[in-house]
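This is what each chain is made of:
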Amino acid sequence: MTEPEAPATTPPAAPPSAATVEEVVRKQLGEALGGVRGMLEAAVPTVCFTVLFLTLHDLRLAITVSVAAAAVLLVVRLVQRSSVQFVLNALFGIGIGALFAWRAARGGGDEGEQALAYFLPGLIYNAVYAALMVFTIAIRWPLVGFIVGSVTGDPTAWHADRRVVRLCSLLTWLLALPCLLRVAVQLPIWYAGTEGWWSTGSAVAALGVAKLVMGWPLQVACLAGMVWVLTRNKTPVEPGRPAPQV
């Protein structure tokens, strides 16, 4: 079966603001991740939770301080009239983690088991997100391609160009890699703690460290790989249009 071709006479609904796929993806990823500040805002609540729980063994205090830290960051964003998206993402993550911890407490779990439950939503999120991205690659509609479509005004026209599909598949793999690695490393630790193979304190400590190391540092490393890919090619945004000469 041949891939569908985009209509030759139908222009995109809105003209692209960038000449190449690489330019589009660089811009959109930068906005989606919030840059260094956005990634740090996501990391601060985790640092607060992990350090306080491991030093004071007080789950309620650890969650409270995590929420307070995120709230301070939120106020700063509001005062500066900048995007609060990334702080709200962090607050949402804390809230879901606290809900899982509360359910573990209702089920009779001790504080160590509650702390392990706090990390479970992050594992589920990464597993689902990775599965979604791998699925889009497998069916040859890689997720990053829709970033291109959002700029051209036609959400599917990019799929007519095999070069764009190949590039977007590679970029989607690189975007999925942090999620895959987090699940591969953190799920066995979480399971060992819940099954009693490790003490809950050791498992929580290992999960906290893994979550920090595999948070924005891993994300930055994979983004660096994406930037390297994006600087090597100049794939035109519109299928059939020649790449710009530089």
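Since the structure is predicted, the reported quantities are computational estimates derived from the model, not experimental observations.

Undergrad: What am I meant to see in helix α5 (residues 111–138) here?
TA: Residues separated by three or four positions in an α-helix point in the same direction, a consequence of the helix having 3.6 residues per turn. Over its 28 residues, α5 runs 41 Å from end to end, which matches the ideal 40 Å to within 8%, given 1.5 Å per residue. A bend of about 25° at Phe-119 is the largest found in α5, and the proline Pro-121 appears one to four places after it. Arg-140 sits one or two positions beyond α5 and adopts a positive phi of about 65°.

Undergrad: Could you clarify how one ought to interpret a nonpolar patch on the surface in this entry?
TA: On the surface, a cluster of nonpolar side chains totalling about 240 Å² of accessible area is made up of Leu-40, Trp-216 and Val-220. Along the chain, the position of Trp-216 falls in helix α9 (residues 216–232).

Undergrad: Teacher, can you tell me more about unusual backbone geometry here?
TA: Glycine aside, negative phi is the norm for most residues, and most peptide bonds take the trans geometry. The phi dihedral of Arg-81 is positive, around 55°, even though this residue is not glycine. One can find Arg-81 in the loop between α3 (59–80) and α4 (85–106). Residue Arg-140 is not a glycine yet carries a positive backbone phi of 65°. Relative to the assigned elements, Arg-140 resides in the loop between α5 and α6 (143–152).

Undergrad: Which parts of the structure should I look at to understand the UniProt feature "transmembrane region" (unreviewed entry) in the protein?
TA: The residues that UniProt annotates with the feature "transmembrane region" (unreviewed entry) are residues 59–79, 86–104, 124–149, 170–191 and 203–231. Helix makes up 100% of residues 86–104 and strand 0%, and the two end C-alpha atoms of the span are 27 Å apart. Across residues 170–191, the secondary structure splits into 100% helix and 0% strand, with the terminal C-alpha atoms separated by 31 Å.

Undergrad: In this structure, what is going on with the layout of surface pockets? I would like to understand it.
TA: Rolled over the atoms, a probe sized like a water molecule indicates the empty space that remains. Taken as a whole, the largest pocket spans an internal volume of roughly 1400 Å³. Elements that contribute at least two residues to the lining of the largest pocket include exactly α1 (21–33), α2 (35–56), α4, α5, α6, α7 (162–194), α8 (200–213) and α9. Residue composition of the lining of the largest pocket, by class: 28 nonpolar, 11 polar and two charged.

Undergrad: Any chance you could explain the packing of aromatic side chains here in plain terms?
TA: Two aromatic rings, taken as a pair, are described by how far apart their centres are and by the angle between their planes. According to the stated counting rule, one finds six aromatic pairs in the structure shown. With a centroid separation of 5.4 Å and an interplanar angle of 80°, the aromatic rings of Phe-146 and Trp-158 are classed as edge-to-face. Of the two residues, Phe-146 sits in helix α6 while Trp-158 sits in the loop between α6 and α7, which places them 12 residues apart along the sequence. Residue Phe-146 is classed as partly exposed on the basis of its relative accessible area of 35%. The class of Trp-158 is buried, set by a relative accessible area of 1%. Taken together, Trp-141, Phe-146 and Trp-158 form an aromatic cluster joined through their ring pairs.

Undergrad: Looking at this structure, how should I read the side chain of Arg-77?
TA: With respect to the element layout, Arg-77 can be found in helix α3. Those residues in contact with Arg-77 that lie beyond four places of it in its chain are Arg-37, Gly-38, Glu-41, Ser-82, Ser-83, Val-84, Phe-86 and Val-87.

Undergrad: It is not clear to me how the nonpolar core should be interpreted in this structure. Could you clarify?
TA: Within soluble globular proteins, side chains that are nonpolar tend to cluster in buried spots. Residues Phe-49, Leu-59 and Ile-63 are the most contacted members of the largest nonpolar core, which totals 20 residues. At the level of secondary structure, the elements contributing two or more residues to this core comprise α2, α3, α4, α5, α7 and α8. Of all the elements, α5 adds the most residues to this core, at six residues. Apart from the residues lying within four places of it in its own chain, the contact partners of Leu-59 are Phe-49, Phe-53, Ala-101, Glu-111, Gln-114 and Ala-115. Counting residues in hydrophobic clusters, the runner-up holds 18 residues, among them Leu-167, Cys-168, Ala-176 and Leu-230.

Undergrad: Which parts of the structure should I look at to understand a negative patch on the surface?
TA: On the surface, a cluster of negative charge is contributed by Asp-58, Asp-110, Glu-111 and Glu-113. Tracing the backbone shows Glu-113 in helix α5. Take Glu-113: its relative accessible area is 39%, and that puts it in the partly exposed class.

Undergrad: Would you mind going over the packing of α7 against α9 with me for this structure?
TA: When two helices pack together, their arrangement is captured by the angle between the axes and the distance separating the axes. Packing of α7 against α9 leaves a shortest axis separation of 10 Å and a crossing angle of 170°. Considering the angle they form, α7 stands roughly antiparallel to α9. For the pair α7 and α9, contact is made by Leu-167, Leu-170, Leu-171, Leu-174, Leu-175, Leu-177, Pro-178, Leu-181 and Arg-182 and by Leu-218, Gln-219, Cys-222, Gly-225, Met-226, Val-229 and Leu-230, respectively. In the contact of α7 with α9, the residues fall into 13 nonpolar, two polar and one charged.

Rules used in this analysis
- Residues numbered from 1 in each chain as written.
- Predicted model: local features only at pLDDT ≥ 70, side-chain atom pairs only at ≥ 80, totals over all residues.
- Heavy atoms only, no water.
- Helix = DSSP H or I, 4+ residues; strand = E, 2+ residues; numbered from the N terminus.
- Expected span 1.5 Å × (residues − 1).
- Bend = angle between axes of the 7 residues up to and from the residue.
- Patch = residues over 30% accessible without salt bridge, like charges linked within 9 Å, V, L, I, M, F, W, Y side chains within 5 Å.
- Areas by Shrake-Rupley, 256 points an atom, 1.4 Å probe, with all protein chains shown as cover.
- Salt bridge = Lys/Arg side-chain N within 4 Å of Asp/Glu carboxyl O.
- UniProt positions renumbered as here; feature names shortened; annotations may be inferred.
- 1 Å grid on protein atoms, 1.4 Å probe; cavity = no way out; pocket = protein on both sides within 12 Å on 5 of 7 lines; lining within 4 Å.
- Points joined across faces, edges and corners; volume = space filled by probe spheres on them.
- Nonpolar A, V, L, I, M, F, W, Y, C, P; charged D, E, K, R; others polar.
- Phe/Tyr/Trp six-rings, centres within 6.5 Å; stacked < 30°, edge-to-face > 60°.
- Buried < 20%, exposed > 50% of the residue type's maximum accessible area, 1.4 Å probe, protein only.
- Contact = heavy atoms within 4.5 Å.
- Core = buried A, V, L, I, M, F, W, Y, C linked by side-chain atoms within 4.5 Å.
- Lys, Arg positive; Asp, Glu negative; His and termini not counted.
- Charge placed at Lys NZ, Arg CZ, Asp CG, Glu CD.
- Axes fitted to C-alpha atoms, helices over the stretch in contact; angles between N-to-C directions.
- Parallel < 35°, antiparallel > 145°, perpendicular 65-115°, else oblique.

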